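An overview of the molecular structure
This is what each chain is made of:
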Amino acid sequence: MIDKKFELGQTVEMPCSVCDAEQNHTAQSVTKLGKMTKAVCDACGTVSAFRRGKKVSVDTGKTKAGTPYSQSQKYKKGQAMMHSTFGQGEVTAVVDAQKIDVLFGDQMRRLVHARQ
Ligand SMILES: [Zn+2]
């Protein structure tokens, strides 16, 4: 996917964190070099932004909010959550057994999870 060139309005299948499944996304923003920087999930309207091929922000659609964040819950990559302070977020990486990186809008936060 790295060398692939995209066009505006092109349909791209990729995982959607809100739908929790592979979904068709429409390329909403593409650079001159053909790199996709923004894509919208056709199913739920979630907008994902990318920089150098990495997802840097997620703007979830209205349909489905993540479950409320809890330190004791174990999270996996791509899972959506609702944080009482930061709002709607998406787990972008599981750092280790008790740490996760979560993207809230365009802000990355490190949170604990799976705390006994
Ligand atoms: Zn979706």
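Quick caveat, the model's predicted, so the values are computed rather than measured.

Some thoughts on the coordination of the zinc ion
- Protein ligation of the zinc ion involves Cys16 (SG), Cys19 (SG), Cys41 (SG) and Cys44 (SG), the donor distances falling in the range 2.3 Å.
- Coordination at the zinc ion is tetrahedral, judged from the four donor atoms that bind it and the angles of 104 to 112° they form at the metal.
- Counting gaps between the donor residues of the zinc ion yields the pattern C-x2-C-x21-C-x2-C. Cysteine 44 matches cysteine 41 in its accessibility class, with the two residues each being buried.

With respect to the pattern of salt bridges
- Considering all chains together, one arrives at four salt bridges under this definition.
- One salt bridge connects glutamate 90 with lysine 55, and the closest N-O pair in it is separated by 3.4 Å. A residue pair is termed long-range when its members are at least 10 positions apart, and glutamate 90 in strand E8 (residues 87–96) and lysine 55 in strand E5 (residues 54–59) qualify at 35 residues.
- Under the relative-accessibility criterion, glutamate 90 is labelled buried at 5%.
- Here aspartate 101 makes a salt bridge to arginine 110, at a shortest N to O gap of 2.8 Å.
- Taking the relative accessible area as the measure of exposure, aspartate 101 reaches 14% and is therefore buried.
- By relative accessible area, arginine 110 is classed as exposed at 52%.

About the cut-offs
- Residues numbered from 1 in each chain as written.
- Predicted model: local features only at pLDDT ≥ 70, side-chain atom pairs only at ≥ 80, totals over all residues.
- Heavy atoms only, no water.
- Donors = N, O, S within 2.8 Å, 3.2 Å for Na, K, Ca; no water.
- Tetrahedral: all angles 85-135°; square planar, octahedral: opposite > 155°, others 65-115°.
- Buried < 20%, exposed > 50% of the residue type's maximum accessible area, 1.4 Å probe, protein only.
- Salt bridge = Lys/Arg side-chain N within 4 Å of Asp/Glu carboxyl O.
- Helix = DSSP H or I, 4+ residues; strand = E, 2+ residues; numbered from the N terminus.

Note that every value here comes from positions in space, so none of it alone points to a role or purpose.
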